[in-house]
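Here are the chains, one letter per residue:
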Amino acid sequence: MYNAKYIIPGILFFLALALVPVVYNMGHQFEVKPELPKDQKECVLPTNEMRDKHMQLLNEWRNEAVRDGSRIFVNAKGQKYVKSLTNTCMSCHPDKAKFCDRCHETVGVAPYCWDCHNLTPNQKSPIPPVASAATGGH
Amino acid sequence: MKNSRREFLKLAAVSAMGIGAARLGFLGDAPAHAAGLPTVGNYEEGLKAKHWGMAVYSAKFTPERIAACRKACHDEHNVPDIAGPKEIKWFWGASYEESFPTEHGHYLSEEVEHRQFPLLCNQCETPMCVKVCPTQATFQRPDGIVMMDFHRCIGCRYCMAGCPFGARSFNFQDPRPFIKDFNPHFPTRMRGVVEKCNFCAERLAVGKLPKCVEAAEGALVFGDLSDEQSDIRKVLREHFAIRRKPDAGTSPSVYYIL
């Protein structure tokens, strides 16, 4: 091979560089602790399902509420909830920064729900009080 | 405890500061809206109809009453207050000529000629906006309401070109800084989305009449056009009513009693 003395160390250096994040995070467990509501024990679905599928659930809720006019969600236990991001989700999880953002910022997603939806049913002004890079960065 | 009084006073001072801070407007104090958060029970009692329609007693409308209805509607739906060509309107007033340009009333009674007519989305039976929308963001519900799914709107404005009544507005800019009386229960829109009157579909769902009907004090009659016994059919039986631009062929569900 021509120039092996340059190419092989070059490849090794590149591999080392590419693997730095993997090695750096090895042994660390991925853990995000969002602040849970103090006065509520359970969510509309079991916690694991909410963690994995809240985006699908919200998408279904919006289609069913807006397009079909079906605005009541019944979970497996037969409990009924209003399909509403601001009025149902955010009345239990009132602090977006301590609940939504902790995960979203860690995994690097920026959902644009807050461009239109209000943070809580008690919000006083239309501008979200916590200005964050996560809002509207799409 | 030697310092108990001192400690108590310190604690009292800190608590007083805390309570004082909590009273600051931006930290708490939910607005009046918070009292009426709709519950599952409210949604179970939603109003249902085969074909929602509205009758307008146009003689009862003064510019002041139109303004009152407009304010009620716009506050309820967080419609921004932007002056000029970028205006966003769900409910507005216009002259006879603007409202009924195809009626050619040359020798009108002066009273009718100078009357202001309340205008809103006509919730047409065969809506042009639905036909031209490429993403189906605008769609017609089985009960006749022409709805918008703001999530799907890509802002192409075909619907604005298609609507013969100018009932749709485009958000040229972020509407949030222009919202004065804010209702936290209804979302705002974002830049690049078309919006219009939705016959208060979100209020019908909790068993309430549209906001403008409440504010109009009887000058607007709302009800089921397919039900012969309904108030609106009774009103339309007893009075001569016209619809806007019949030659556009869209069959509005809003009837004007002259």
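Computed from a predicted model, the values in this text were never measured in an experiment. (Residues numbered from 1 in each chain as written. Chains lettered and ligands numbered in written order. Predicted model: local features only at pLDDT ≥ 70, side-chain atom pairs only at ≥ 80, totals over all residues. Heavy atoms only, no water.)

What follows covers the overall build of chain B. Looking only at helices and strands, chain B has 10 helices and 10 strands in total. Counting across all 258 residues of chain B, residues that qualify as buried make up 45%. At a minimum sequence separation of 6, the contacts of chain B that also span at least 24 residues come to 67%. Of the roughly 13300 Å² of accessible surface on chain B, a fraction of 55% belongs to carbon and sulfur atoms. (Helix = DSSP H or I, 4+ residues; strand = E, 2+ residues; numbered from the N terminus. Buried < 20%, exposed > 50% of the residue type's maximum accessible area, 1.4 Å probe, protein only. Contact = heavy atoms within 4.5 Å. Areas by Shrake-Rupley, 256 points an atom, 1.4 Å probe, with all protein chains shown as cover.)

Counting its secondary structure elements, chain A contains four helices and two strands. The order of α-helices and β-strands along chain A, N terminus first, is α-α-β-β-α-α. Taken over C-alpha atoms, the radius of gyration comes to 22 Å for chain A, far larger than the 14 Å a tight globule of 138 residues would show. Taking the principal axes of its C-alpha atoms as reference, chain A extends roughly 70 × 35 × 35 Å. Relative to its full complement of 138 residues, chain A shows a buried share of 28%. Considering only contacts within chain A whose residues lie at least 6 apart along the sequence, 54% involve residues at least 24 apart. Within the structure as shown, chain A displays about 9600 Å² of accessible surface, and the carbon and sulfur contribution to it stands at 61%. (Rg over C-alpha atoms; globule rule 2.2 N^0.38 Å.)

With that out of the way, let us pick up the interface of chain B and chain A. Many authors give the size of an interface as the accessible area that is lost as the parts come together. Listed by partner, the interface residues are 37 residues for chain B and 27 residues for chain A. Buried surface at the junction of chain B and chain A, both sides included, amounts to about 2700 Å², of which 59% is carbon and sulfur. At the boundary of chain B and chain A, one finds three salt bridges. Close ionic contact of Lys80 of chain A with Glu44 of chain B constitutes a salt bridge, the shortest N to O distance being 2.8 Å. Taken together, the links from chain B to chain A amount to 11 residue pairs in polar contact (both at pLDDT 80 or more). Among the elements of the structure, helix H2 (40–44), strand S5 (146–148) and helix H8 (201–204) of chain B are those that each provide at least two residues to the side of chain B that touches chain A. Taken together, the residues of the side of chain B that touches chain A sort by class into 20 nonpolar, nine polar and eight charged. (Buried area = accessible area lost by both parts, 1.4 Å probe. Salt bridge = Lys/Arg side-chain N within 4 Å of Asp/Glu carboxyl O. Polar contact = N/O pair within 3.5 Å; in protein donor to acceptor, adjacent residues only side chain to side chain. Nonpolar A, V, L, I, M, F, W, Y, C, P; charged D, E, K, R; others polar.)

Since the α-helix packs 3.6 residues into each turn, any two residues three or four apart lie on the same face. All names here are of chain B. All of the buried residues along helix H10 (residues 231–238) are Ile232, Val235 and Leu236. Down the axis of H10, the sector holding all buried residues measures 95 degrees, keeping them to one side. Opposite the buried face of H10, at more than 90 degrees from it, the exposed residues are Arg237 and Glu238. Taken together, the buried residues of H10 touch strand S1 (52–57), strand S8 (220–224), strand S9 (241–242) and strand S10 (254–257). (Arc of directions from axis to C-beta.)

This part takes up the pairing of S10 of chain B. Residues and elements named next belong to chain B. A two-sided burial pattern is seen for S10, the buried positions comprising Val254 and Tyr256 on one face and Tyr255 and Ile257 on the other. Relative to S10, S1 is paired through four bridges, and the arrangement is parallel. When the sheet's bridge partners are listed, Val56 is paired in S10 with Tyr256. Pairing analysis gives two bridges linking S9 to S10, with the strands arranged antiparallel. By the bridge assignment, Ile242 is partnered in S10 with Tyr256. (Pairing = 2+ DSSP bridges.)

Pairing within the open sheet is mixed, and its four strands lie in the order S8-S1-S10-S9 (chain B). Each having just a single partner strand, S8 and S9 of chain B make up the two edges of the open sheet.

Once that is clear, we can look at the confidence of the model for chain B. Considering every residue of chain B, the mean pLDDT works out to 89; 90% of them sit at 70 or more. The ipTM for the predicted assembly is 0.76, set against a pTM of 0.79. (pLDDT = per-residue confidence, 0-100.)

All names here are of chain B. The final tally for this structure, using the stated rule, is zero disulfides over all chains. This cysteine, Cys133, is not joined by any disulfide, and Cys156 carries the nearest cysteine sulfur, 6.1 Å off. With no disulfide of its own, Cys163 lies 6.2 Å from the sulfur of Cys129, the closest cysteine sulfur. (Disulfide = S-S within 2.5 Å.)

Here we take up the pattern of salt bridges. Within the structure shown, the criterion is met by 22 salt bridges over all chains. A network of salt bridges, in which partner residues are shared, links Arg62 and Arg67 of chain A together with Asp149 and Arg152 of chain B.

As a further point, take the environment of His77 of chain B. Among the secondary structure elements, His77 of chain B is positioned in the loop between helix H3 (63–76) and strand S2 (91–94). In this view, His77 of chain B contacts Trp90, Phe186, Pro187, Arg189, Asn198, Cys200 and Glu202 of chain B; residues no more than four positions away in its chain are not counted.

Next up on the list: a negative patch on the surface. Residue and element names in this part refer to chain B. On the surface, a cluster of negative charge is made up of Glu97, Glu98, Glu110 and Glu113. Of all the secondary-structure elements, those providing two or more residues to the negative patch are helix H4 (96–99) and helix H5 (110–113). Tracing the sequence through the fold places Glu98 in helix H4. (Patch = residues over 30% accessible without salt bridge, like charges linked within 9 Å, V, L, I, M, F, W, Y side chains within 5 Å. Lys, Arg positive; Asp, Glu negative; His and termini not counted. Charge placed at Lys NZ, Arg CZ, Asp CG, Glu CD.)

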